[in-house]
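Chain by chain, the residues run as shown.
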There are 2 protein chains.
Amino acid sequence: MWQLYHFPLCPFSRKVQLALSEKKVPFALRLAYPWEDDEDFHRRNPAGKTPVLYQEERRLTLADSQAICEYFEETESKSPLLPGSAQARAEIRRLVALFDDALYNGVTAPLLHEKMKKRLFLRQSPDSRVLRQATRVLHDHLDYIDFLVDHNRWLGGAQLSLADFAAAAQLSVIDYLDCLEWSDHSSARNWYRVMKSRPSFAPLLTQKMEGLPPPRHYADVNA
Amino acid sequence: MWQLYHFPLCPFSRKVQLALSEKKVPFALRLAYPWEDDEDFHRRNPAGKTPVLYQEERRLTLADSQAICEYFEETESKSPLLPGSAQARAEIRRLVALFDDALYNGVTAPLLHEKMKKRLFLRQSPDSRVLRQATRVLHDHLDYIDFLVDHNRWLGGAQLSLADFAAAAQLSVIDYLDCLEWSDHSSARNWYRVMKSRPSFAPLLTQKMEGLPPPRHYADVNA
């Protein structure tokens with residue numbers, strides 16, 4: 001059985017969990033905080049980042065969320081994550097990179113620093129300027145998600161794809177940190193509600209970061 | 001014909017140039033500085049980043065260096081960038097992500113800020129603490145490259161792959177900025193010399209950033 005090194009608020013581990021669940025690949029979760037000294041984890045991924053997926057029996061270790069998703073896309077034909085032509089797949093990969101990079105670095109990462117690291121480890125208050133800036137960048141991304149779902153049914157085109165899971169994984173962490181403000185992004189909100197009610201999403205809604213409870217609406221699929 | 005929006009010191013545009021040249025895909029270069037107001041460029045990639053590749057005739061635009069490389073890996077069988085089994089391909093993709101992310105963010109990006117942006121746009125001196133820190137991280141990466149080429153012939157395994165091009169693209173920018181110190185990394189140095197002497201590399205050695213000439217050794221394939 002596959003073992004997935006993750007921590008509850010790692011958006012990239014969430015992306016991999018969604019992809020594996022959609023493809024019906026069974027896996028067990030193993031906790032690894034990248035900032036702690038876990039020899040087995042750091043040996044398996046010199047980059048020192050979650051997620052890392054491994055199977056002891058087959059002496060097989062996979063690291064990097066996109067490399068993991070591409071691996072299962074090549075080996076499991078069920079529920080394609082990159083459906084369509086080469087051009088359609090390039091568009092999905094462009095969006096995945098946009099959410100993994102710009103949405104993560106502009107929003108999720110600073111919010112994790114301000115609202116998770118500062119609270120749990122540094123015992124500091126969040127910097128309100130950083131929170132405001134992250135919120136501004138978030139609204140640009142929600143605008144873009146509105147635009148995408150208004151033009152297609154899903155983010156990457158006519159079919160559900162890894163673009164949807166990559167974006168939803170980031171938003172789920174932002175929502176856990178109580179920073180997801182929908183204001184007038186009704187298309188994005190409707191799309192996210194559909195994502196949140198998928199069976200693959202359910203486990204994410206129960207995973208909790210110790211010492212940092214989510215807001216009450218977080219696990220409510222109708223919120 | 002494909003048009004590639006790039007700027008001379010963009011490591012990701014360099015990675016795409018190498019991949020296209022290896023696959024013998026013809027393309028023309030078009031200059032775009034992401035920090036400038038270029039409407040066509042920003043329309044084609046809302047992420048506002050180079051590289052962007054497009055073909056007007058086919059109304060086809062591709063953005064994000066990895067999405068572009070994967071597209072040509074799917075459509076051009078010549079000179080595979082991700083050779084081998086699904087497992088081998090996952091290992092290559094893990095390394096590409098490591099160089100695109102950790103080597104870029106820990107070394108190339110801070111050096112571009114200190115030695116390109118500050119000199120050309122901000123008219124400031126580089127911060128020596130930032131340069132020292134980037135050099136330390138660079139040595140960790142060169143250690144890892146030593147380790148990889150000592151265990152395999154190429155970075156990603158027994159065959160040349162996108163892992164080699166991704167790493168070499170970053171190092172070529174670091175070298176242009178005169179920050180590539182080999183000290184005792186002889187395996188990495190030999191590997192890079194081989195990369196640098198490939199025909200696909202030659203155009204990179206002639207591309208210059210206006211106002212910022214490279215050091216004399218930069219274009220010397222024996223240096």
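The shown structure was predicted, so the numbers you read here are calculated from the model rather than taken from an experiment. (Residues numbered from 1 in each chain as written. Chains lettered and ligands numbered in written order. Predicted model: local features only at pLDDT ≥ 70, side-chain atom pairs only at ≥ 80, totals over all residues. Heavy atoms only, no water.)

### Some thoughts on the overall build of chain A
Each helix and strand counted, chain A has seven helices and four strands in total. For chain A, the α and β elements follow one another from N to C terminus as β-α-β-α-β-β-α-α-α-α-α. Relative to its length of 223 residues, chain A is compact, with a C-alpha radius of gyration of 17 Å against a globular reference of 17 Å. Dimensions along the principal axes, computed over C-alpha positions, put chain A at roughly 50 × 45 × 25 Å. (Helix = DSSP H or I, 4+ residues; strand = E, 2+ residues; numbered from the N terminus. Rg over C-alpha atoms; globule rule 2.2 N^0.38 Å.)

### Regarding helix α6 (residues 162-176) of chain A
Here α6(A) is 15 residues long and its end C-alpha atoms lie 21 Å apart, about the 21 Å a rise of 1.5 Å per residue gives. Following α6(A) by one or two positions, Asp178(A) has its phi on the positive side, about 65°. (Expected span 1.5 Å × (residues − 1).)

### A look at the relation of the copies chain A and chain B
Rotating chain A by 180° and translating it 0.0 Å along the rotation axis places it on chain B, where the RMSD comes to 0.0 Å. In symmetry terms, the pair is related by a two-fold rotation axis. Closest approach to the rotation axis within chain A is made by the C-alpha atom of Asp101(A), at a distance of 4.6 Å. (Least-squares fit on C-alpha atoms with pLDDT ≥ 70 in both.)

### Quick notes on the environment of Ala223(B)
Following the sequence through the fold, Ala223(B) ends up in the segment after α7 (186-196). For the pair Ala223(B) and Cys10(B), spaced 213 residues apart in sequence, the C-alpha to C-alpha distance is 22 Å.

### A few points about the packing of helix α5 (residues 128-151) of chain A against α6(A)
Residue and element names in this part refer to chain A. Their axes nearest at 13 Å, the elements α5 and α6 cross at an angle of 140°. Taken together, the axes of α5 and α6 lie oblique to each other. At the point where α5 passes α6, the crossing takes the left-handed sense. Contacts between α5 and α6 involve Leu 138, Leu 142 and Ile 145 from the former and Ala 167, Leu 171 and Ile 174 from the latter. Each residue belonging to the contact of α5 with α6 can be placed in one class, and the counts come to six nonpolar, no polar and no charged. (Axes fitted to C-alpha atoms, helices over the stretch in contact; angles between N-to-C directions. Parallel < 35°, antiparallel > 145°, perpendicular 65-115°, else oblique. Left-handed = near helix turned anticlockwise from the far one by under 90°. Contact = heavy atoms within 4.5 Å. Nonpolar A, V, L, I, M, F, W, Y, C, P; charged D, E, K, R; others polar.)

### Looking at the pattern of salt bridges
All names here are of chain B. Tallying each qualifying case throughout the model produces 30 salt bridges over all chains. Taking the shortest distance from any N to any O, the salt bridge between Glu 22 and Arg 198 comes out at 2.9 Å. Placement of Glu 22 in helix α1 (residues 11-22) and of Arg 198 in the segment after α7 is noted, with a sequence separation of 176 residues between them. (Salt bridge = Lys/Arg side-chain N within 4 Å of Asp/Glu carboxyl O.)

### Quick word on the side chain of Thr50(B)
With respect to the helices and strands, the residue Thr50(B) is situated in the loop between α2 (39-44) and β3 (52-55). Not counting the four nearest positions on each side in its chain, Thr50(B) is found in contact with Tyr5(B), His6(B), Phe7(B), Cys10(B), Phe12(B), Ser13(B), Ala32(B), Pro34(B) and Phe41(B).

### A few points about the interface of chain A and chain B
Contacts between the two partners involve 23 residues from chain A, matched on the other side by 23 residues from chain B. For the chain A and chain B pair, buried surface summed over both sides reaches about 1900 Å², with 62% attributable to carbon and sulfur atoms. There are eight salt bridges connecting chain A and chain B. Between Arg89(B) and Glu74(A) there is a salt bridge; the shortest N-O distance is 2.8 Å. When contributions to the side of chain A that touches chain B are tallied by element, the ones reaching two or more residues are β4 (60-63), α3 (65-75) and α4 (86-122) of chain A. With nine residues, the single largest contributor to the side of chain A that touches chain B is α4(A). Taken together, the residues that form the side of chain A that touches chain B break down as twelve nonpolar, three polar and eight charged. (Buried area = accessible area lost by both parts, 1.4 Å probe.)

### Overview of the pairing of strand β3 (residues 52-55) of chain A
Residue and element names in this part refer to chain A. Because side chains alternate across β3, one face comprises the buried residues Val 52 and Tyr 54, and the other comprises Leu 53 and Gln 55, equally buried. One ladder, built from three bridges, connects strand β1 (residues 2-6) with β3; its direction is antiparallel. Across the sheet, Gln 3 pairs through a bridge with Tyr 54, a residue of β3. In this sheet, β4 lies alongside β3 in antiparallel orientation, the contact comprising four bridges. Bridge pairing links Val 52 to Ala 63 in β4. Hairpin connection, β3 to β4: the antiparallel pair is bridged by four residues, and Arg 59 has positive phi, about 50°. (Buried < 20%, exposed > 50% of the residue type's maximum accessible area, 1.4 Å probe, protein only. Pairing = 2+ DSSP bridges.)

### A short note on the sheet that holds strand β2 (residues 27-31) of chain A
Strand pairing within a sheet occurs via backbone hydrogen bonds; the two strands may be parallel or antiparallel. Residue and element names in this part refer to chain A. Spatially, β2-β1-β3-β4 is the arrangement adopted by the four strands of the open sheet, whose pairing is mixed. The open sheet has two edge strands with one neighbour each: β2 and β4. Put simply, the sheet's adjacent strands are angled 25° from each other on average, direction ignored. Running over the sheet, helix α1 (residues 11-22) touches β1, β2 and β3 and is turned about 155° from β1.

### Looking at the UniProt feature "domain: GST N-terminal" (unreviewed entry) in chain A
In the numbering used here, UniProt assigns the "domain: GST N-terminal" (unreviewed entry) feature to residues 1-80 of chain A. As annotated, residues 1-80 of chain A comprises 36% helix and 22% strand, and the C-alpha atoms at either end are separated by 21 Å. (UniProt positions renumbered as here; feature names shortened; annotations may be inferred.)

### Overview of the sheet that holds strand β1 (residues 2-6) of chain B
Residues and elements named next belong to chain B. Read across the open sheet, the four strands follow the order β2-β1-β3-β4; overall the sheet is mixed. If you trace the sheet from one side to the other, it starts and ends with β2 (27-31) and β4 (60-63), each paired once. On average, each strand axis in the sheet is inclined to that of its neighbour by 20°, with strand direction left out of account. Against the sheet, α1 contacts β1, β2 and β3, and its axis sits at roughly 155° relative to β1. Sheet contacts for helix α3 (residues 65-75): β1, β3 and β4; angle to β4, the most-contacted strand, approximately 125°.

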